[in-house]
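Now for the letters of each chain:
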Amino acid sequence: MKTVILTSHAGFQHRVPPPHSESPERLGAVLDAFEASAAIRGLPRIDARRATREEISRFHSPAHVDMVFNGEPASHEAFHGFDFDTFMSRGSLEAALCGAGAAVQAVDKVMAGEAEAAFCATRPPGHHAERDRPMGFCLFNNIAIAALHALDGHGLSRVAIIDIDVHHGNGSQELAETEPRVVFGSIHESPLYPGTGHEHETGLNGNVINVTVGGGTGGEIWQRRLDEELIPAVEAQQPELILVSAGFDGHEADPLAGLMLEEADFAHAARSLAQLSQRIASSRLVCCLEGGYELGALGRSATAFVETLLAS
Ligand SMILES: [Zn+2]
């Protein structure tokens, strides 16, 4: 697939009180690994713009938007915490705006036919952010904002969010629970943070599909459940654009979860998702980085994922 990378140096300016898993070094690990890949190094790389308040407000409540816009601490040394693991520093607003902006811009690129696939290498991640609440390292829900941009900005009638992060994307599911034009499908470890995403949660007429796997699950079962359960259930609803919450914290080396995935499993997922977009969504695939907290595994997994998109 013809692929473009969107990123923003603003992502380095969002700091969290150490020790914290969601560090600026994560973005560096991904970009350094991309730079070391002969296949990815030469790809078009777009410096993401900020999302507008209007774009963010398609998903988030006015109170949430105000909370983040006004959430930076007064001093460079201080942090403002929303919960025990979700913080803002000076520079966090710019990072969050550019993370959401990258996702919106990626939708514009694939809708214009300038690229078939887009990968947004940004931080902080987004899929835990709910309409009214930053949580789980996430300030704005980038992928939910992108989905609503595709629907309301580009006039699509149905889009899918497929979430392969090891954690359940509770914020993205919240969107699907009130928005029948969104199909949300997730494969994630359970039980695990945030505790949502049970298989009996099916949204509006089945537009939410949760596939859960237990701690210790390896690639063979994960791949099979992705290919034989999650993707067919999403495909049956005929979305016109595939958005992917691309988290790599299912890797066996990741400290925050217990799956036993390897780089090859993420490459497999990339191939399956690329083929899905080619079958039903006019080769339109937008991927946003979510989790991945072991720096080496994160860089290698994201690289394997994007290299496979290019080869698909
Ligand atoms: Zn995660």
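Just so we're clear, the structure is a prediction, and the values are computed from it rather than from any experiment. (Residues numbered from 1 in each chain as written. Predicted model: local features only at pLDDT ≥ 70, side-chain atom pairs only at ≥ 80, totals over all residues. Heavy atoms only, no water.)

S.K.: Please set out the coordination of the zinc ion residue by residue, giving values where relevant.
M.R.: Every protein donor of the zinc ion is accounted for by Asp165 (OD), Asp165 (OD), His167 (ND1) and Asp249 (OD), and the metal-donor separations fall at 2.0 to 2.8 Å. Here the donor residues of the zinc ion share one chain and are spaced in sequence as D-x1-H-x81-D. Here the two residues Asp165 and His167 agree in accessibility, since each one is buried. (Donors = N, O, S within 2.8 Å, 3.2 Å for Na, K, Ca; no water. Buried < 20%, exposed > 50% of the residue type's maximum accessible area, 1.4 Å probe, protein only.)

S.K.: I'd like a rundown of the packing of helix α8 (residues 219-235) against helix α9 (residues 263-280), residues and numbers included.
M.R.: Closest axis-to-axis distance for the α8/α9 pair is 11 Å, and the angle between their directions is 15°. By the criterion of interaxial angle, the relationship of α8 to α9 is roughly parallel. Read as a crossing pair, α8 and α9 show a hand that is right-handed. Where α8 approaches α9, its residues Gly219, Trp222, Gln223, Leu226, Asp227, Ile231 and Glu235 are matched on the opposing element by Ala264, Asp265, Phe266, His268, Ala269, Ser272, Leu273, Leu276, Arg279 and Ile280. Classifying every residue of the contact of α8 with α9 gives nine nonpolar, four polar and four charged. (Axes fitted to C-alpha atoms, helices over the stretch in contact; angles between N-to-C directions. Helix = DSSP H or I, 4+ residues; strand = E, 2+ residues; numbered from the N terminus. Parallel < 35°, antiparallel > 145°, perpendicular 65-115°, else oblique. Left-handed = near helix turned anticlockwise from the far one by under 90°. Contact = heavy atoms within 4.5 Å. Nonpolar A, V, L, I, M, F, W, Y, C, P; charged D, E, K, R; others polar.)

S.K.: Report on the pairing of strand β1 (residues 3-7), specifying residues and quantitative values.
M.R.: Where burial is concerned, most of β1 is hidden: five out of the five residues are buried. Both faces of β1 are covered, namely the face carrying Thr3, Ile5 and Thr7 and the face carrying Val4 and Leu6. Taken together, the five bridges between β1 and strand β5 (residues 117-121) define a ladder with parallel strand orientation. Residue pairing across strands places Val4 opposite Ala118, the latter belonging to β5. Pairing geometry for β1 and strand β2 (residues 45-47), over three bridges, is parallel. When the bridges of β2 are listed, Ile5 appears paired with Arg45. (Pairing = 2+ DSSP bridges.)

S.K.: How would you sum up the UniProt feature "domain: Histone deacetylase" (unreviewed entry) in the protein chain? Please name residues and give values.
M.R.: What UniProt calls "domain: Histone deacetylase" (unreviewed entry) maps, in this numbering, to residues 20-309. Secondary structure over residues 20-309 splits into 41% helix and 15% strand, and the C-alpha atoms at its two ends are 31 Å apart. (UniProt positions renumbered as here; feature names shortened; annotations may be inferred.)

S.K.: Could you give an account of the pattern of salt bridges, naming the residues involved and the relevant values?
M.R.: In this structure the tally under the stated criterion is 16 salt bridges. Between Arg26 and Glu22 there is a salt bridge, and its shortest N-O distance comes to 2.7 Å. Each member of the pair, Arg26 together with Glu22, is buried. Measuring nitrogen to oxygen at the nearest pair gives 3.3 Å for the salt bridge that ties Arg133 to Glu130. The class for Arg133 is partly exposed, based on a relative accessible area of 43%. Among the charged side chains, a salt-bridge network with shared partners connects Glu22, Arg26 and Arg123. (Salt bridge = Lys/Arg side-chain N within 4 Å of Asp/Glu carboxyl O.)

S.K.: Describe the packing of aromatic side chains, listing the residues and the values that go with them.
M.R.: A full pass over the atoms with the stated rule returns six aromatic pairs. Look at Phe119 and Phe305: their rings are 6.1 Å apart centre to centre, the planes differ by 55°, and that puts the pair in the tilted class. Here Phe119 is found in strand β5, whereas its partner Phe305 is found in helix α10 (residues 295-311), with 186 residues between them in sequence. Taken together through their ring pairs, the aromatic side chains of Phe34, Phe119, Trp222, Phe248, Phe266 and Phe305 make up a single cluster. For the cation-ring pair, Arg53 lies above Phe69, with the distance from its terminal atom to the ring centre recorded as 4.8 Å. (Phe/Tyr/Trp six-rings, centres within 6.5 Å; stacked < 30°, edge-to-face > 60°. Lys NZ or Arg CZ within 6 Å of the ring centre and 35° of its normal.)

S.K.: Run through the packing of α9 against α10, naming residues and quoting values.
M.R.: Contact geometry for α9 and α10: axes closest at 8 Å, N-to-C directions at 30°. The pairing of α9 with α10 is recorded here as roughly parallel in orientation. When you trace α9 past α10, the crossing you get is right-handed. Residue-level inspection shows Glu263, Phe266, Ala267, Ala270, Arg271, Leu273 and Ala274 of α9 in contact with α10, the latter providing Arg300, Ser301, Ala304, Phe305, Thr308 and Leu309. Within the contact of α9 with α10, the residues separate by chemical class into eight nonpolar, two polar and three charged.

S.K.: A description of the pairing of strand β8 (residues 208-213) should follow, citing residues and the corresponding values.
M.R.: Here β8 lies mainly inside the structure; six of its six residues are buried. Across the two faces of β8 the burial is the same, with Val208, Asn210 and Thr212 and Ile209, Val211 and Val213 all buried. Relative to β8, strand β7 (residues 182-189) runs parallel, the two being bridged by six bridges. Paired with His188 across the strands is Thr212, a residue of β8.

S.K.: Tell me about α9, and name the residues and values.
M.R.: With 18 residues, α9 extends 26 Å from end C-alpha to end C-alpha; this agrees with the ideal 26 Å at 1.5 Å per step. Listing the buried residues of α9 in full gives Asp265, Phe266, Ala267, His268, Ala269, Ala270, Ser272, Leu273, Ala274, Leu276, Ser277 and Ile280. The elements touched by buried residues of α9 are β6 (159-163), α8, β9 (242-246), β10 (285-289) and α10. Following α9 by one or two positions, Ser282 adopts a phi angle in the positive range, close to 50°. (Expected span 1.5 Å × (residues − 1).)

S.K.: Provide a residue-level description of the sheet that holds β1, including the pertinent values.
M.R.: If you trace the eight strands from one edge of the open sheet to the other, you get β2-β1-β5-β10-β9-β6-β7-β8, paired in parallel fashion. Edge positions in the open sheet fall to β2 and β8, since each of these has one partner strand only. Ignoring which end each strand starts from, the neighbouring axes of this sheet average 15° apart. Judged from the five bridges that link them, β9 and β10 form a sheet pairing that is parallel. Within β10, the residue paired with Leu243 across the bridge is Val286. Where α9 meets the sheet, its contacts fall on β6, β9 and β10, and the angle it forms with β9 comes to roughly 170°.

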